[in-house]
Each structure stands twice: as structure tokens, then as C-alpha cells.
Amino acid sequence: MAELQSVYAADMSGLPGKSASAQRLPTRVRVWAESGRNRSYCQVAVLFGLLLHGFFLAGCASHSHRVRDARMAYYQGDLEHAGELLRKAQKSHSGERDCLILDQAMVSLVGGDAAEAERLLREVRDRFDFLEQKSLGESALALMTDDTAVAYGGEDYEKVLIRALLAVCNLMHDGSDAIAYSLQVDQKQREILERAQETMPEEVKPAYRHVALGAYLRGILQEESLTHYDDASRSFGTVANWEPEFELVKYDLQRVQSGVHSARGHGVVYMLAMVGRGPSKEEEVAEATTVSLLIADRILTATGKHSLPPTIAPVKIPRVVVPHCTIDSVAIDVDGRPFGLTQTVTDVGRLAWQQCEASRNRRIATAVVRRTLKKAAIYSVKEMTGVESPLVNVAYDAAGVLWEATEKADTRGWTFLPAKFQVLRIELPVGVHRLSLRSAWHGQPVGPSYQADVEVIDGRNTYMLATFPDARLVGKILTSNAVNSRQ
Amino acid sequence: MSGESEGCSMKRREFLRWGLTAVTAAPLVWSSGCRFHQFGHVVEGDQSDMVGSHAAGAETYNALIDESMAKLLGRQEAACLPAAYSEGALGPKRICFVCVENCSIEEMGDFKEQVYEQIDTQILQAPMFEPINRRFVDAALRETRLRPDALFLPENMRMFSAVLEQQGQPFDYLLYAKLTSGTTEKNHSTQRDYLLTLEMIDVHTGRYDKESAKVRKGYHKTRVGKWRNYNPFTRRI
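Residues numbered from 1 in each chain as written. Chains lettered and ligands numbered in written order. Predicted model: local features only at pLDDT ≥ 70, side-chain atom pairs only at ≥ 80, totals over all residues. Heavy atoms only, no water.

**Comments concerning the overall build of chain A**
Part 1 of the argument: When you go through chain A residue by residue, the secondary structure sums to 19 helices and 13 strands.
Part 2 of the argument: Considering chain A as a whole, with its 487 residues, one finds that 52% of them fall into the buried category.
Part 3 of the argument: Long-range pairs, those at least 24 residues apart, make up 76% of the contacts in chain A with a sequence separation of at least 6.
Part 4 of the argument: Summed over its atoms, the accessible surface of chain A is roughly 21200 Å², and 57% of this surface lies on carbon and sulfur atoms. (Helix = DSSP H or I, 4+ residues; strand = E, 2+ residues; numbered from the N terminus. Buried < 20%, exposed > 50% of the residue type's maximum accessible area, 1.4 Å probe, protein only. Contact = heavy atoms within 4.5 Å. Areas by Shrake-Rupley, 256 points an atom, 1.4 Å probe, with all protein chains shown as cover.)

Shown next, in the form of C-alpha cells:
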């Protein structure tokens, strides 16, 4: 105790024993911090601040937990309840508002209100464009807390899919802006590719997949003009390059290179299907990083003057989870005769997983920097306030651990997306036709049949949209030239 | 006294240090750390177009259209017989502008429709030409289900002409606009030559007239690239 008192005395008198870092502080701060009473106030204030921060943030649910109920309601076809839960969440969690609006747009689209879905998607598209700019304040706050402090600006594939779905929504109600949206798909995809070329490490570039749905929509819209076969060929060529497993596009490519849109007296129905349950993000513990930090902080604690907060809280990063699909396509019958199965033009699950993997190292690096800064901050506070008492030291370490434990992985994202966007092109004679839709697994229909009547117009495209997260249809079958629909 | 002046000089040095740091950091923070809302303005008529950094833009397409149309119109000043020939009268040539074909390496995007409209407008303004409205052309292509490049087979041409004549829109010439490009690469620099060709085919005789305009553009990864590749020493004599 006497030794401790002498150290304090030495500290206060500015004699040897005063730490080097304290000497580097601005004079006024140093004088203030060196006063014994102020030092105690300072320690209490810092501890109180850390504990308060931990108290408020500890136990907060992540985005993925929050939308779980709404997601279940959506998949069970209870769109009203899903919409209600999403609206409620939007009010209480402003940081996740854009993701929740994206999910709300899916509920509106599947429920048959394509115009409302388009309005919501447009809102988020503009916001994501704005958020492509960096905010220094948010970045600094994210270093002090976690990645959720930064406004969510969307994953790259989400930015392209927003525009592709805007085109789909528009086609479902009037189609006047569909060409413009399809051009925006092209432009955004190009921007992303150029940015990826500049910023992505060489080893992840090949894994960085592209959203072929946007290019495909552009192709079918250009083909319908009957004069822009060159643009259609370019778009279908791009799709064939990006999605080599999508067999139907090879026929599309051949047709636009040497054939025509449809025979005289015929029109085309494009059946767009949203199949399976889409990806979501969950928290993952980066084991190797946690262990490395643990070893590093033990070494520094053993060699340094003060101890570092022990690495008890693991380093968390988001990972993409794609639920198992019980169906793989939709079987279409036309006027009672089997016609074919939809094929995948964009595998959203694979896209999300690959893009998440591509940015995994960057996310871990950010998490390590954040953790290091937190440990350094605790160490600096100990140094500044001259902590010597073992009890205060333990209190600081506990507060540091609590601060680290409040970190959450950023699990925000567009969770109501399907696992796959699929399509089937059906050329039919002009007139009204009845289409039957059934979910299928390995080519065999597995679910109930749903019918919709559609009017085919000479030389024109008609678009239909159906959502099959499982064997059963969710919401309505949307048709750009609807006659009626029933089960 | 000396201690006081030393203290003053230390304060001044500290002030200068902090001041310099703030002056250096402020623009950096301002430029890289804040989000700005987008704004727009109207570009005045006498202001030059922006030059596309990755692909052709207004600066390329406008120049190509203006030059090729001026050449074509200059060559076509001589009058020709109209489709509905009346004795002794020389009328304007009835033009069916079919499409703009993009055979270049770049997507034209939203410029494609604009190039069509700009050419169509200039044809309409020329006294020796009388274009057919695009909506009739599109309707005829839809009716016949012919591809624009399939109109040169005699049977297809007859079918297409017949449909337009039924709509009261006979024509003498087919007009095609075609954009092509040629790319030359040199280390981190690229030169791309854009060529817009206007091809006018007499549907009665099969004779054709053709005019082209070219714009050359350089794309560089660095600002120095332009000076390295295009300087007074590299000029053609």
C-alpha cells in the first residue's frame, strides 16, 4: 500500500514514475488528469460510460432474428401478417428500414400490387445510390461499435436485382418504364464490374458472379421491338456467358441471330418464377481470428505495463445461409398439355454466398482493426488515468470485455428474395390460353396445380410471375394481360 | 521574461501545428468523409458536351450524326422520281429509315433510340427527303414478321412494300444506320475509332449510296496517358 501511495505521489508531483504517454498529453489535460480527485472522477466516468454502452447494446437482437417471424408468415402465404410485422419493425429500427422496405416490396409484389412494389423499390434504389458515398462519421462510429453503425447500402447483387425487379414490377402493370429500368440494370452491372476490377483481389474476381436476370430481361424487351435484334443478341450472349447452365438462352441467342420473335399470328408468354427460399445472413464466429487475438493480447498483457481486456468475446462476421429447397422448378401445362419446366436464370443463393465469400477477408480485417482499437482504447485510458489498483484494473477489463461483447455481425439484407429466378418462354397462337402451374422436383410435379388464363397478343410478349417458396404458391399469379386466375 | 517569450513561442508553434493539421485534414474529411446529395443543372447550348471516360457519349454520337448526315444530304441534292410518279413533277425521295444497327464493341444503351430520332429528324428537315413515320415502319415489320436485315430478299421486300403501301406509305429508299468500332490497345491506353455509316438503298434499282463519319477517341488509365500518346511529336505530317 505504501508503495502504491508513493507511486501516486510520484505521479502527482511529476517526478520519475509519471508515464511517458501522460507526458505527451496536452498540458491542460495532463494537469487535470493528474489531480488525484479528477483521476478518480475520470475513471468512474469512463467505466460508467462503457458499462452504460454495454448495458444498452448487450442482448440486442440482430436483423436476421427480427425478420424471422415475418419471413415465416410470408412463406406460409400469410402476406397480411408479414406486411404488418415488417411495418412494425420499420418504426422501431430505422437502421434496417431500407432492408425492411425491400422485403415489404416483395410482399406487395407477390400480393398482386406491382405498382406499390415498384414505388418501394424505387425509394430504396435511390437511397442505396446515395449510400454508395462513404461517411467518415459512420465509419468512425463503426470502429467504436460494429458494422451496424454504418447505414446499409446494399450488396452488389441486391443493387442489380432491385433494378431487375423494378422492370418486372413495371411490366406487370403498364410496362411504360420497363426499357428504362432494363437500361439501368445494364448500367449498374457495368459500374459494379468496373469497381470490382479495380478493388477486388485477383483471387476472388472469378468467383464474383453476375446477375444474369437483368441482362435477360433486357434481351427479351429488345427482341420484342423486332428492330433491335442486335441488342437482344448482345444481351443473350452475355447471359449465356454468365450462366452457362441456363440452356434456354442458347435457343434465344440462335433465334435473335437468325430468326424472328415469333411466327405470324403468334405471341410469346414469359413465365417468370421465383422459386425456393432465398438467402439470409447469420452471425458466424471467426474462430481463427478469435484465437489469434487471444494469443496476441496474452503476449501484450505479459509484456506491457497494463493488462489488456481478455479476448473472451468472439469476433463475429456475417455469413450467408441458403435454406434447403424442396422444389427445383415449376412445371407448366398449356391448355391441359404439358409444356415444360422453368429454368434458372439467376441463382440468388449462390450469388449471395459467393459475394459474401469474396468480401469475407475484408470483413474479418475490419473486425480485427475494431477489436485492436478497443483494446488500445482501454489500455490508453488505464495509462491516462494511472490505474494501479487491481480492483479498478479488473473493472476496466470487465468493461472492455463487455464493450467487445456488444459487437454484432451485420446481418442486414434483402431476406424475402427467392433462392432462384427462373423463366420459361412459351410461344403460343394469338388468343386466350389457360396455363397450369405446379411446383416440381427433378422434373416431377410435386405440389397442387394453379391455373391462370392469359391473353396472347400477336407479336408481343406477355409476362407472368408466380412465387413458389415451397411446393405451394404464395400470393397471386401476376399477369401483364390477365383474364382471370384461380386454383 | 525569456521564459514568458519561450512559452509564447511554444504556444504559437502548437497553434501552428494544430492549425496546419486542421487545414490539411479538413478538405480530406470534406471530400472523402461526407455524403452529398446529387444536384443537376441545365447545360447551355454553347457549352461543350462531357466526354465519356469509359465509352462513347454525346460528344461522339452527336458529332457522328451531324457529319454523316451533312455528307449524305450534300450528295443527295439532285431530285429523284417519287414512288407515285406524276408527269414532269420531281418530288422528294420517300425514305424508310429501318433501324440503327450496333455492331460496335460497346452497348449504345439509351443512345440508340436517340440516334434514331436525331437522324429521323434531320431527314425530315431536308427538303429532298420525305421520311415514313417510324410507327408505320414498326407496324409493317410486326405484320410481316421480317427482320430488318431480311428485307433484301425480293419476296420479303415485296411483302414489306405491300404492307406499307396498304397503309398509304409507299417508299423509294431504305435507310440503315450502322455503328461500328475499331479498338487499338497500347499498354494502359486504348484508341477506339467509331464509324457511323448511313446506307441508302434504292428499292427499285438496288443502287445504293453510302456516307460515313468517324470519331477517334483515346481512353487512358492515367492523365499522363493522353500526353504520352497524343502529343505534338506524334502528329501526322
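Structure shown, so let's carry the discussion forward.
**Description of the environment of Gly 57 of chain B**
Part 1 of the argument: By secondary structure assignment, the location of Gly 57 of chain B is in the loop between helix H1 (2–32) and helix H2 (58–75).
Part 2 of the argument: Sequence spacing of Gly 57 of chain B and Phe 111 of chain B is 54 residues, and the spatial spacing of their C-alpha atoms is 7.9 Å.

**Remarks on the pairing of strand S5 (residues 208–220) of chain B**
On any regular strand, side chains alternate: one points to one face of the sheet, the next to the other face.
Residue and element names in this part refer to chain B.
Part 1 of the argument: Here S5 shows a buried face lined by Asp 209, Glu 211, Ala 213, Val 215, Lys 217 and Tyr 219 and an unburied face lined by Tyr 208, Lys 210, Ser 212, Lys 214, Arg 216, Gly 218 and His 220.
Part 2 of the argument: Bridging between strand S4 (residues 189–202) and S5 involves 13 bridges; their strand directions are antiparallel. Looking at S5, one finds that Arg 192 is bridged to Lys 217.
Part 3 of the argument: Connecting the antiparallel pair S4 and S5 is a turn made up of five residues, with Gly 206 showing a positive phi of about 85°. (Pairing = 2+ DSSP bridges.)

**Description of a nonpolar patch on the surface**
Residues and elements named next belong to chain A.
Part 1 of the argument: Residues Val 291, Ile 295 and Ile 299 make up a contiguous nonpolar surface patch of about 270 Å² in total accessible area.
Part 2 of the argument: Along the polypeptide, Val 291 turns up in helix H16 (residues 287–303).
Part 3 of the argument: For Val 291, a relative accessible area of 44% puts it in the partly exposed group. (Patch = residues over 30% accessible without salt bridge, like charges linked within 9 Å, V, L, I, M, F, W, Y side chains within 5 Å. Salt bridge = Lys/Arg side-chain N within 4 Å of Asp/Glu carboxyl O.)

**Overview of the pattern of salt bridges**
Close approach of charged atoms allows side chains of opposite charge to pair.
Part 1 of the argument: Using the criterion set out here, one finds 46 salt bridges over all chains in the structure.
Part 2 of the argument: Between Lys 382 of chain A and Asp 397 of chain A there is a salt bridge whose closest N-O contact spans 2.6 Å. Residue Lys 382 of chain A is located in helix H18 (residues 360–385), and its partner Asp 397 of chain A is located in helix H19 (residues 390–405); the two are separated by 15 residues in the primary sequence.
Part 3 of the argument: Relative accessible area serves as the criterion here: at 0%, Lys 382 of chain A is assigned to the buried category.
Part 4 of the argument: The exposure class assigned to Asp 397 of chain A is buried, which follows from its relative accessible area of 13%.
Part 5 of the argument: Among the ionic pairs, Glu 130 of chain B bridges to Arg 94 of chain B, the shortest N-O distance being 2.7 Å. Taken together, the residues span a long stretch of sequence, with Glu 130 of chain B in strand S2 (residues 129–131) and Arg 94 of chain B in strand S1 (residues 93–103) at a distance of 36 residues.
Part 6 of the argument: For Glu 130 of chain B, a relative accessible area of 33% gives the class partly exposed.
Part 7 of the argument: Given the relative accessible area of 14%, Arg 94 of chain B is considered buried.
Part 8 of the argument: What emerges from the salt-bridge pattern is a single network uniting Asp 129, Glu 132, Asp 156, Lys 159, Arg 163, Lys 188 and Glu 191 of chain A.

**Things to note about the sheet that holds S1 of chain B**
Residues and elements named next belong to chain B.
Part 1 of the argument: Here five strands make up an open sheet; going across it, the order is S2-S1-S3-S4-S5 and the pairing mixed. This sheet does not close on itself; its edge strands, each paired only once, are S2 and S5. Pairwise comparison of adjacent strand axes, ignoring direction, gives a mean angle of 30° for this sheet.
Part 2 of the argument: Taken together, the three bridges between S1 and S2 define a ladder with parallel strand orientation. Within S2, the residue paired with Lys 93 across the bridge is Phe 129. (Axes fitted to C-alpha atoms, helices over the stretch in contact; angles between N-to-C directions.)

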